[in-house]
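What the coordinates show
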Amino acid sequence: MVEPAGKPEIAADRPETDQPPVDLSPVLVVERFMECLRRGDLDEAMALLAEDVRYENVGLPTVHGRERVRRLFGRAYDDGGGFDVVIQTICADGASVLTERTDFLTFRKLRIQLWVCGRFDVRDGQIVLWRDYFDFVNFSKGLVRGLLGVHLPGLRATLPSRA
């Protein structure tokens, strides 16, 4: 079953709680999670992760647990990092959500653009598995372009416009 992608509900649209609403579809949970990371709202993003979440970037070490994911992203954001995303495709089969997207990773003046496929398993309104797949050659090209763009701004990856 494929669920249509919709506009993610934002925090202002729901009452404040430590737990996300359990009636959100898995697709909406993932869209909201990505939007929170994009906005740099780490607290809200972490509320959408289960306490025992597994975060896997295939080919890299797995991060176990919400607090370890928080520390990983917190360090990046604290050191001038940022994240943006364009989701090209998102669909679900039950509680599993697949995304095809372009991620933009920012570290001060360095901006890296890369293609990513992700799988998110959602249970009770929270992400229990976040597994991303990307091509290291594509990442390496994005890194080289990003490094050149530090000194030649015309080469920087262009962030999507938000109307």
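Below, the structure is looked at part by part. Just so it is clear, the model here is predicted, and its values are computed rather than measured.

About the thresholds
Residues numbered from 1 in each chain as written. Predicted model: local features only at pLDDT ≥ 70, side-chain atom pairs only at ≥ 80, totals over all residues. Heavy atoms only, no water. Salt bridge = Lys/Arg side-chain N within 4 Å of Asp/Glu carboxyl O. Helix = DSSP H or I, 4+ residues; strand = E, 2+ residues; numbered from the N terminus. Buried < 20%, exposed > 50% of the residue type's maximum accessible area, 1.4 Å probe, protein only. Patch = residues over 30% accessible without salt bridge, like charges linked within 9 Å, V, L, I, M, F, W, Y side chains within 5 Å. Areas by Shrake-Rupley, 256 points an atom, 1.4 Å probe, with all protein chains shown as cover. Pairing = 2+ DSSP bridges. Contact = heavy atoms within 4.5 Å. Axes fitted to C-alpha atoms, helices over the stretch in contact; angles between N-to-C directions. Phe/Tyr/Trp six-rings, centres within 6.5 Å; stacked < 30°, edge-to-face > 60°. Core = buried A, V, L, I, M, F, W, Y, C linked by side-chain atoms within 4.5 Å.

Overview of the pattern of salt bridges
Per the counting criterion, the structure on display carries ten salt bridges. Residue Arg-131 pairs with Glu-56 through a salt bridge whose shortest N-O separation is 2.6 Å. A residue pair is termed long-range when its members are at least 10 positions apart, and Arg-131 in strand E6 (residues 126-134) and Glu-56 in strand E1 (residues 49-57) qualify at 75 residues. Like Arg-131, the residue Glu-56 is buried in the burial classification. Connected through shared salt-bridge partners, Glu-35, Arg-38, Arg-39 and Asp-41 make up one network.

Overview of a nonpolar patch on the surface
On the surface, a cluster of nonpolar side chains totalling about 340 Å² of accessible area is made up of Val-144, Leu-148, Leu-152 and Leu-155. By relative accessible area, which is 37% here, Leu-155 ends up partly exposed.

Some remarks on the sheet that holds strand E5 (residues 110-123)
Pairing is mixed across the open sheet formed by six strands, whose spatial order is E2-E1-E6-E5-E4-E3. A single partner strand is all that each edge strand has here, and the edge strands are strand E2 (63-64) and strand E3 (81-93). Relative to E3, helix H1 (residues 26-39) is tilted by about 170°, and along the sheet it contacts E1, E3, strand E4 (96-107), E5 and E6. Strands in contact with helix H3 (residues 66-78) are E1, E2, E3 and E6; relative to E1, the strand with the most contacts, it is inclined by about 60°.

Comments concerning the packing of aromatic side chains
Between two aromatic rings, the relevant description is the distance of the centres plus the angle of the planes. What the rule picks out here adds up to seven aromatic pairs. Arranged with centres 5.7 Å apart and planes meeting at 25°, the rings of Phe-73 and Trp-130 form a pair that is stacked. Highlighted residues: Phe-73 in helix H3 and Trp-130 in strand E6, separated in sequence by 57 residues. By relative accessible area, Trp-130 is classed as buried at 3%. Residues Phe-120 and Trp-130 carry aromatic rings whose centres are separated by 5.9 Å and whose planes lie at 20° to one another, so their mutual orientation is stacked. Separated by ten residues along the polypeptide, Phe-120 in strand E5 and Trp-130 in strand E6 bring together distant segments of the chain. As far as burial versus exposure is concerned, Phe-120 and Trp-130 are alike and both buried. An aromatic cluster is built from Phe-33, Tyr-55, Phe-73, Tyr-77, Phe-120 and Trp-130, whose rings are joined through pairwise contacts.

A closer look at the environment of Ser-140
Within the fold, Ser-140 resides in helix H4 (residues 136-151). The sequence separation of Ser-140 and Ile-112 amounts to 28 residues, and the corresponding C-alpha distance is 9.1 Å.

Looking at the nonpolar core
Within the largest apolar cluster, 28 residues are counted, with the highest numbers of intra-cluster contacts made by Phe-33, Leu-37, Val-69, Phe-73, Phe-120, Ile-127 and Trp-130. Breaking this core down by element, the ones donating at least two residues are H1, helix H2 (42-47), E1, H3, E3, E5 and E6. Take this core: its biggest share by element is seven residues, from H1. Ignoring sequence-local partners within four residues, the contact set of Ile-127 consists of Val-29, Phe-33, Leu-48, Leu-49, Ala-50, Val-53, Phe-120, Asp-121 and Val-122.

So, unusual backbone geometry
The backbone of Arg-108 sits at a positive phi, close to 55°, despite the residue not being glycine. Locating Arg-108 in the fold gives a position in the loop between E4 and E5. Arg-108 sits in the exposed class, given a relative accessible area of 64%. You will see that Asp-124, though not glycine, has its phi angle at about 55°, which is positive. Here Asp-124 lies in the loop between E5 and E6.

None of this, on its own, says anything about what the molecule does.
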